[in-house]
Amino acid sequence: MKFTLMTGTAMIVALGASMATAMDRDGWPESFTVGTASQGGTYFAYGSGWANLVAEELGLSGGGEVTGGPMQNMALVHTGDAQFGMTTMGPAAESLGGTNPIAPGLQMTGACAMFPMYQTPFSVTALSSSGISSIADIPDGAKIGFGPAGSTSDTYFPRMMETLGVNFERRNGGWSDLGGQLQDGLLDVIAFAAGVPVPAVSQLEVQTDVNIIEFTGEEQAKILEAFPVSEFMIGADTYSTLTKDATSVSMWNFAIANCDLPASFVEAVVDVVMSDNARMVGIHKAARSTLPENWDKNGVLQWHPGAAAWFKENAGADIPDSMIHGM
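This structure is a prediction, so every number in the text was calculated from the model and none was measured. Residue indices follow the written sequence of each chain, beginning from 1 at its first position. Reporting of local features is limited, given that this is a predicted model, to residues whose pLDDT is at least 70; pairs of side-chain atoms are given and counted only at 80 or more, and all residues count toward the totals for whole chains, interfaces and linings. By convention in this description, side-chain values take in all heavy atoms of the structure and omit both hydrogens and water.

Caption draft 1: Highlighting the environment of D321. Residue placement: D321 occurs in the segment after α11 (305-315). Separated by 13 residues in sequence, D321 and A308 have C-alpha atoms that sit 9.5 Å apart. The contact criterion used is simple: two residues touch if any of their non-hydrogen atoms lie within 4.5 Å. Once you skip the residues sitting within four places of it in the chain, D321 turns out to touch K312 and M327. Under the scheme used here, helices are H or I runs from DSSP no shorter than 4 residues and strands are E runs no shorter than 2 residues, and both carry numbers assigned from the N terminus.

Okay, structure coming up:
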């Protein structure tokens, strides 16, 4: 009798949990898309990885989609053409202010913060055979690849190069394509803004000798003064090419959600991503910064109510109502 009673109780608890889950899923989409960026970049690897993880854990159909990066992702999520996306704080601020080049004048307030991802370092790579080992070595009129048009790199790195006195010809394209152009001698330099290790750089290291160029202290100071970035060091263990930490600057990345998605859905997605960091690091090393305590790195976007609820409950986040959509 005791065994039967315990089994019955367990069944009741399981049934109750199942019913709660069913009720919680009211209004959930049957499938979802995560806007990432070009193949060969960190956004694509990281974003496709957590999209697949969420799809598997929640029993939904979903995955990453190749896009033009943070600026386009803000537009796609704002309109609801993508349920989720990834952006950096600079492009997010420009999009909220109506200066996103994809839709000038449109304030993209339909995109809400979901969870912190990682910092995007700005770094420069050249072939060792080019003789370019510093920013000062970049020749006048150099052909520089800045990533996909509208990406964080394309938005900010040309301005940074101009601030540092570099005269260049601008080239755009996916990171993998630009890596191939560098190898073929069609580019002098690639200016990367992506979570490290950047897959395209790791691939280049396997195929040829490269120089990963850091900023001098003076160059870093100039960029910190002129742009919404912070100090960053690319660890020596990031690339086999590096023999010591490399001085850089970075900008925080956040996952974003369409603000009108059900709160229970977004809260469940955040729980899958944020509850097991080791699993996320297995997807991409940049996820070492995908930690609950980094919720406070968002000072730009309003939070999705479901995401805010998760961080308040699990990270002690002190998110004011004014920063929560619909509050």
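Caption draft 2: Seen up close, the nonpolar core. In this structure, W50, F84, M114, F115 and F311 are the most contacted members of the largest nonpolar core, which totals 56 residues. With near-sequence residues (within four places) excluded, F115 lies in contact with Y46, W50, F254, A255, V270, V273, M274, T290, W303 and F311. The criterion is simple. A nonpolar core is a set of buried Ala, Val, Leu, Ile, Met, Phe, Trp, Tyr and Cys residues joined through side-chain atoms within 4.5 Å. Partly exposed describes any residue whose relative accessible area lies between the buried limit of under 20% and the exposed limit of over 50%, with all areas from a 1.4 Å probe on protein chains only and scaled to the type maximum. The next biggest cluster of nonpolar side chains, apart from the first, holds 26 residues, and it includes V124, I138, I144 and L164.

Caption draft 3: Expanded view of the packing of aromatic side chains. Only Phe, Tyr and Trp rings take part, Trp by its six-membered ring, and two of them pair if their centres are within 6.5 Å. Stacked means planes under 30 degrees apart, edge-to-face means over 60, and tilted covers everything else. Considering all chains together, one arrives at 14 aromatic pairs under this definition. Between the aromatic rings of F32 and F84, the centroid separation amounts to 5.7 Å while the plane-to-plane angle is 65 degrees, which identifies the pairing as edge-to-face. Taken together, the residues F32 in strand β1 (residues 31-35) and F84 in strand β3 (residues 84-88) connect sequence positions 52 residues apart. Residue F32 is classed as buried on the basis of its relative accessible area of 3%. Seen from their ring centres, W50 and F84 are 5.9 Å apart, and the 55 degrees between their planes marks the pair as tilted. A residue pair is termed long-range when its members are at least 10 positions apart, and W50 in helix α2 (residues 42-58) and F84 in strand β3 qualify at 34 residues.

Caption draft 4: Here's a closer look at the state of the cysteines. The disulfide definition used here is simple: a pair of cysteine sulfur atoms within 2.5 Å. This structure, assessed with the given rule, holds one disulfide. Here C112 engages in a disulfide with C259; their sulfurs sit 2.1 Å apart. Here the S-S torsion is close to 110 degrees, and the disulfide linking C112 with C259 is therefore right-handed. Highlighted residues: C112 in strand β4 (residues 111-127) and C259 in the loop between β10 (246-258) and α9 (263-274), separated in sequence by 147 residues. In this structure, C112 and C259 share a single accessibility class: buried.

Caption draft 5: Examining the pairing of β4 more closely. Counting buried residues along β4, 16 of its 17 residues qualify, which places the element largely inside the surrounding structure. In this description, strands pair whenever DSSP reports at least two bridges between them. As paired strands, β4 and β10 are joined by nine bridges and run antiparallel to one another. Across the sheet, the residue bridging to Q119 is W252, located in β10. Pairing of β4 with strand β7 (residues 189-193) involves four bridges; the strand directions are antiparallel. Within the sheet, the bridge partner assigned to V124 lies in β7 and is A191. Two strands pair when backbone bridges link them, and β4 and strand β8 (residues 210-213) are joined in this way by four bridges, in the antiparallel orientation. When the bridges of β8 are listed, A126 appears paired with N211.

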